[in-house]
Amino acid sequence: MKDVIDVFQLQVQRDRIETDFPPVDYKEHDDSYHVVRFIFECGMKLNASPLSISTAAILFHKFFKEAENSSYDKYLIASTCLYLSGKVKDEPVKVRDVINVSRNTLHRNSAPLDLGEEYWNMRDAIVQGELLLMRMLKFEVTIIHPHKYMLHYLKSLQTWIYPEAWEKVPIVHMAYSFLQDFHYVPVILDYKPQHIAIACINLALQVYGVQVPYTDEDEGITWYSVFVDDLTKDHIWEIMENIMDVYEKESESQ
């Protein structure tokens, strides 16, 4: 099951970056949605794992929660988050690769930098940015992701839902797609990872009209009550609405 989940995570990222989205001129945007999209695109080009890229997105949101209304270069901070997330997840990437991928993504079709003044200035900026990130976040850079909870919840649901219903619709793929896309907005910081995982799965179930056997949400008999005891119907729908709001931001940006 875990191998299947990993494959789905990678495929979701490729689908979102390579198929659903046309190339973006990031220089025209500095909102968090586009900057996190930049993080995902660069992360894919760097062959970073889904968890490493998600870590970079969360670090970015946490930084700007502390540095709200600041004049920091968001794309420099985004590149720094990618560099730092590799260390946090024990998947280090070379700073030169981060520099060249970030620059090429921000300035399409640009050539890799020579080891000249511009390269060393960018390298120093990322190194200093890493120190700034660590200080701003009080060195608390370990992230508890919803992904691991989603893995266990989906594994349990797979044996709970009728096989023909489970195999008929791509619940796993859709749930992970919702989870990835939720990282585009800072509101993801407002919820527990367990609740986010459940909301993404529940939204996927709602989209495909899949009913979990022996449950009835209207009567308060919910499938997720066996996993958490502090998630109400109103709270899960609040999270689901916030996830759906991401797609409104996406359509507005095009």
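Cut-offs and rules
Residues numbered from 1 in each chain as written. Predicted model: local features only at pLDDT ≥ 70, side-chain atom pairs only at ≥ 80, totals over all residues. Heavy atoms only, no water. pLDDT = per-residue confidence, 0-100. Contact = heavy atoms within 4.5 Å. Core = buried A, V, L, I, M, F, W, Y, C linked by side-chain atoms within 4.5 Å. Buried < 20%, exposed > 50% of the residue type's maximum accessible area, 1.4 Å probe, protein only. Helix = DSSP H or I, 4+ residues; strand = E, 2+ residues; numbered from the N terminus. 1 Å grid on protein atoms, 1.4 Å probe; cavity = no way out; pocket = protein on both sides within 12 Å on 5 of 7 lines; lining within 4 Å. Points joined across faces, edges and corners; volume = space filled by probe spheres on them. Nonpolar A, V, L, I, M, F, W, Y, C, P; charged D, E, K, R; others polar. Salt bridge = Lys/Arg side-chain N within 4 Å of Asp/Glu carboxyl O. Axes fitted to C-alpha atoms, helices over the stretch in contact; angles between N-to-C directions. Parallel < 35°, antiparallel > 145°, perpendicular 65-115°, else oblique.

### Concerning the confidence of the model for the protein
Confidence in the prediction of the protein, expressed as mean pLDDT, is 85, and 88% of residues score 70 or more. The low-confidence segment residues 1–14, where pLDDT is below 50, has 30 contacts with residues more than four positions distant or belonging to other chains.

### Topic: the nonpolar core
Where a protein is soluble and globular, its nonpolar side chains tend to be buried together. Ranked by internal contacts, the top residues of the largest apolar core, which has 82 residues, are Phe60, Met150, Ile171, Phe182 and Ile201. Considering every element that reaches this core, the biggest residue donor is helix α10 (residues 193–208), with nine residues. Residues contacting Ile201, with those up to four places away along its chain left out, are Met150, Tyr153, Leu154, Leu157, Ala175 and Trp223.

### Section: the side chain of Glu130
Checked against the element boundaries, Glu130 lands in helix α6 (residues 117–136). Given the relative accessible area of 12%, Glu130 is considered buried. Those residues in contact with Glu130, other than ones at most four positions away along the chain, are Thr80, Tyr83, Leu84 and Lys87.

### With respect to the layout of surface pockets
Taken as a whole, the largest pocket encloses approximately 410 Å³ of empty space. Forming the boundary of the largest pocket are 19 residues, of which Ile58, Lys62, Ile143, Ile144 and Leu189 lie nearest the centre. If you list the elements that add at least two residues to the lining of the largest pocket, you get α3 (50–66) and α10. It is α3 that contributes the most residues to the lining of the largest pocket, four residues altogether. Along the lines of polarity and charge, the residues of the lining of the largest pocket split into 11 nonpolar, three polar and five charged.

### Digging into the pattern of salt bridges
Scanning the model with the defined rule gives seven salt bridges in all. One salt bridge connects Arg37 with Glu41, and the closest N-O pair in it is separated by 3.0 Å. Placement of the pair is Arg37 and Glu41 together in helix α2 (residues 32–45), with a separation of four residues, close to one helical turn. Side by side, Arg37 and Glu41 carry an identical accessibility label, which is buried.

### Concerning the packing of helix α4 (residues 74–88) against α6
Where α4 meets α6, the closest approach of the two axes is 9 Å, and the angle between their N-to-C directions is 75 degrees. On the basis of their axis angle, the class for α4 and α6 is roughly perpendicular. In this structure, α4 uses Leu76, Ser79, Thr80, Cys81, Tyr83, Leu84 and Lys87 to contact α6, whose residues at the interface are Ala125, Ile126, Gly129, Glu130, Leu133 and Met134. Taken together, the residues of the contact of α4 with α6 break down into eight nonpolar, three polar and two charged.

### Let's talk about the environment of Asn104
By the secondary structure assignment, Asn104 is in helix α5 (residues 95–106). For Asn104, the contacting residues outside a window of four places in its chain are Lys45, Asn109 and Ser110.

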